Amino acid sequence: MRRTERYPVSGANSLWHIYKTIPFWKVMRNFIVIQLARYTPFLGMKNWLYRTFLGVKVGPQTSFALMVMLDVMFPEKISVGKNSVIGYNTTILAHEYLIKEYRLGNVEIGDEVLIGANTTILPGVRIGDGAIVSASTLVHKDVPAGAFVGGNPMQMIRLKETEQSKVPGDQLES
């Protein structure tokens, strides 16, 4: 289950209440910074823009590929560990506006995680250290450390092997 906070609204759908939940100028600033970062080929500059202007927690040597789209309204709810790769055209959301409510949730991506291209990560999920998410996956629930997941809906492809699960002869001989 995703960890999100729910905020009910009355009257029109929750998106009509957007500027009651977040200031217009914050959205504009975030949009401009995210668009600059989406197109720049300089990884260090992207990380600096995200940390400095958006409040995203970005670990050292983390790489955001071209066209990655961070949540425009609540990017400060996103954290990515060290030495991770976020693939081309991935979308990371920390909010969802529904008919009768909106929801906010932190997105926590661990260390040395690989996110394939065109993936969408929904609010309130954790992706554990060393996980691999295949391209075009909808991440709608937590991903355990070391897991390989993929698809829509996301499914477990395999878990990291433990010492007990290794079969003799599977290791490369030295």
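These numbers were taken from a predicted model, which means no experiment stands behind them.

## What to know about the pattern of salt bridges
Taken as a whole and assessed by the stated rule, the structure comprises seven salt bridges. One salt bridge in this structure joins R2 and E96, with 3.3 Å as the shortest N-O distance. Within this pair, whereas R2 is found in the segment before β1 (5–8), its partner E96 is found in strand β8 (residues 95–97), the two being separated by 94 residues in sequence. For the salt bridge of K26 with E76, the shortest nitrogen-to-oxygen distance reads 3.0 Å. In this pair, K26 sits in helix α2 (residues 24–39) while E76 sits in the loop between β4 (69–70) and β5 (78–80), placing the two residues 50 residues apart along the sequence. The class of E76 is partly exposed, set by a relative accessible area of 28%.

## With respect to the packing of aromatic side chains
One pass over the full model with this rule turns up six aromatic pairs. With centroids separated by 4.9 Å and ring planes inclined at 15°, the aromatic side chains of Y7 and Y102 adopt a geometry described as stacked. Here the residue Y7 occupies a position in strand β1, and Y102 occupies one in strand β9 (residues 101–104), the gap between them amounting to 95 residues. These aromatic residues form a ring-pair network of at least three members: Y7, Y97 and Y102.

So, how was this worked out
Residues numbered from 1 in each chain as written. Predicted model: local features only at pLDDT ≥ 70, side-chain atom pairs only at ≥ 80, totals over all residues. Heavy atoms only, no water. Salt bridge = Lys/Arg side-chain N within 4 Å of Asp/Glu carboxyl O. Helix = DSSP H or I, 4+ residues; strand = E, 2+ residues; numbered from the N terminus. Buried < 20%, exposed > 50% of the residue type's maximum accessible area, 1.4 Å probe, protein only. Phe/Tyr/Trp six-rings, centres within 6.5 Å; stacked < 30°, edge-to-face > 60°.

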